[in-house]
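Read off the chains here:
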Amino acid sequence: MHSLNFNFGFIMSNVNCSSIMNDYSIEPVVDSELYEVEEIRHLYDLFDVISVHKIQNPLLWGLYTLRKNEMEINNKNIIVNEWLLYHVTATKNVQSIAENNLDWRFTSRCRYGKGVCFSYCPLYANRYASCAQGSTSAVDYDENIMDILINMGFPREAVKRALFYTYNQGLECAIKWLMDHITDSNFAEPFVPSRHNFNSEISIERAFIICRVLVQNIKDVSVNYHLNVIPNIFDTAKSTNGMVYVKFNDYEFYPQYIVYYREHNLSQYSDPYSCNFNYNYCVDQ
């Protein structure tokens, strides 16, 4: 179930992999596209959106398109739907996803089978990704930037704060944060990252990956931690509550947008089951 049927050997022998394997980019989304894509607009209403980017990966896009064509040919009686769905991940995973796609092999929780989980409801995707990520007390700091800033004379604990609150986005951002906060009373005090800051807003940044997802033949699935894959006649598992879609085949999803965000008070307590968003069919890139 986790492998594709078409001849990858033939395809890859006719593709210059060395020239395109890593030929991908992550670009800021233009304002007009922010307005046009409803799945992005929803997030501004529900979360503290930091930034939005678009993934351009010709290799992944080509494999996704091939898979879509294969599904249409193999079963001409059922329409292949193409939906934009949400997946939430830690920011440290974003670069790998942009380059290599989401990978069911890294799935650790298997409530509905060992696959990649998506939801049409961002509140639901965020809540259950939060449960999976566990403690946020361990933070990966950029050691190179940390060494530079400490050698410049900034206290180590202040540098930790700067890297944490600027999300390891670079030396310039960290220096600006340090200069803006150098008079803070706790500037050099021991820093312990917390999921909640003083006004109960979540200070850990995460990322929505908004994906194009191919859905043709769905099987409803109850919670079953022993389930690995669904029968071959189906390509998608759907939870009985209708909130989760699980994909088991490579290249039946394409990561299109990255939305870096934090929760705010509203999103922490909003009911995911109140989502009334409709599936949106994708438009061309």
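Residues numbered from 1 in each chain as written. Predicted model: local features only at pLDDT ≥ 70, side-chain atom pairs only at ≥ 80, totals over all residues. Heavy atoms only, no water.

In the annotation of an unreviewed UniProt entry, the chain is listed under the name UBA domain-containing protein and assigned to Aphis gossypii.

1. Some details on the pairing of strand 3 (residues 81–90)
Most of strand 3 is tucked away, with nine of its 10 residues classed as buried. Here 10 bridges tie strand 3 to strand 5 (residues 206–215), and the two strands are oriented antiparallel to one another. Counted as the bridge partner of Val-88 is Phe-208 from strand 5. (Buried < 20%, exposed > 50% of the residue type's maximum accessible area, 1.4 Å probe, protein only. Helix = DSSP H or I, 4+ residues; strand = E, 2+ residues; numbered from the N terminus. Pairing = 2+ DSSP bridges.)

2. Observations concerning the pattern of salt bridges
It is possible for side chains bearing opposite charge to pair when their charged atoms get close. If you walk through the whole model with that rule in mind, you get 13 salt bridges. A salt bridge links Glu-82 to Arg-212; the shortest N-O distance between them is 3.0 Å. Placement of Glu-82 in strand 3 and of Arg-212 in strand 5 is noted, with a sequence separation of 130 residues between them. Lys-238 is the partner of Asp-220 in a salt bridge, and the nearest nitrogen-oxygen pair spans 3.7 Å. (Salt bridge = Lys/Arg side-chain N within 4 Å of Asp/Glu carboxyl O.)

3. Considering the nonpolar core
Counting residues in each nonpolar core, the largest one holds 58 residues, and the members touching the most others are Leu-43, Phe-118, Phe-208 and Ile-210. Take this core: its biggest share by element is eight residues, from strand 5. Listed in part, the 15 residues of the second largest apolar core include Phe-164, Trp-177, Phe-187 and Phe-191. (Core = buried A, V, L, I, M, F, W, Y, C linked by side-chain atoms within 4.5 Å.)

4. Some points on unusual backbone geometry
A positive phi angle, near 85 degrees, is found at Asn-101, a position not held by glycine. With respect to the helices and strands, Asn-101 occurs in the loop between helix 6 (94–100) and strand 4 (116–118). If you check the backbone angles, Tyr-251 has positive phi at about 70 degrees while not being a glycine. The residue Tyr-251 is located in the loop between strand 8 (245–247) and strand 9 (253–262) in this model.

5. Topic: the environment of Ile-182
With respect to the element layout, Ile-182 can be found in the loop between helix 10 (171–181) and strand 5. In this structure the C-alpha to C-alpha distance between Ile-182 and Ala-158, which are 24 residues apart in sequence, comes to 8.5 Å.

6. Some details on the side chain of Asn-126
Along the polypeptide, Asn-126 turns up in helix 7 (residues 122–133). We classify Asn-126 as buried; its relative accessible area is 2%. Residues contacting Asn-126, with those up to four places away along its chain left out, are Phe-47, Val-88, Arg-206, Phe-208, Tyr-261 and Glu-263. (Contact = heavy atoms within 4.5 Å.)

7. Focus on the sheet that holds strand 1 (residues 25–28)
What the five strands build is an open sheet, ordered 1-2-9-5-3; its pairing is antiparallel. Both edges of this open sheet fall to strand 1 and strand 3, since each of them pairs with a single strand only. Ignoring which end each strand starts from, the neighbouring axes of this sheet average 30 degrees apart. Sheet topology note: the strand 2 (residues 48–56)/strand 9 ladder contains six bridges and is antiparallel. If you follow Ser-51 over to strand 9, its bridge partner there is Tyr-260. (Axes fitted to C-alpha atoms, helices over the stretch in contact; angles between N-to-C directions.)

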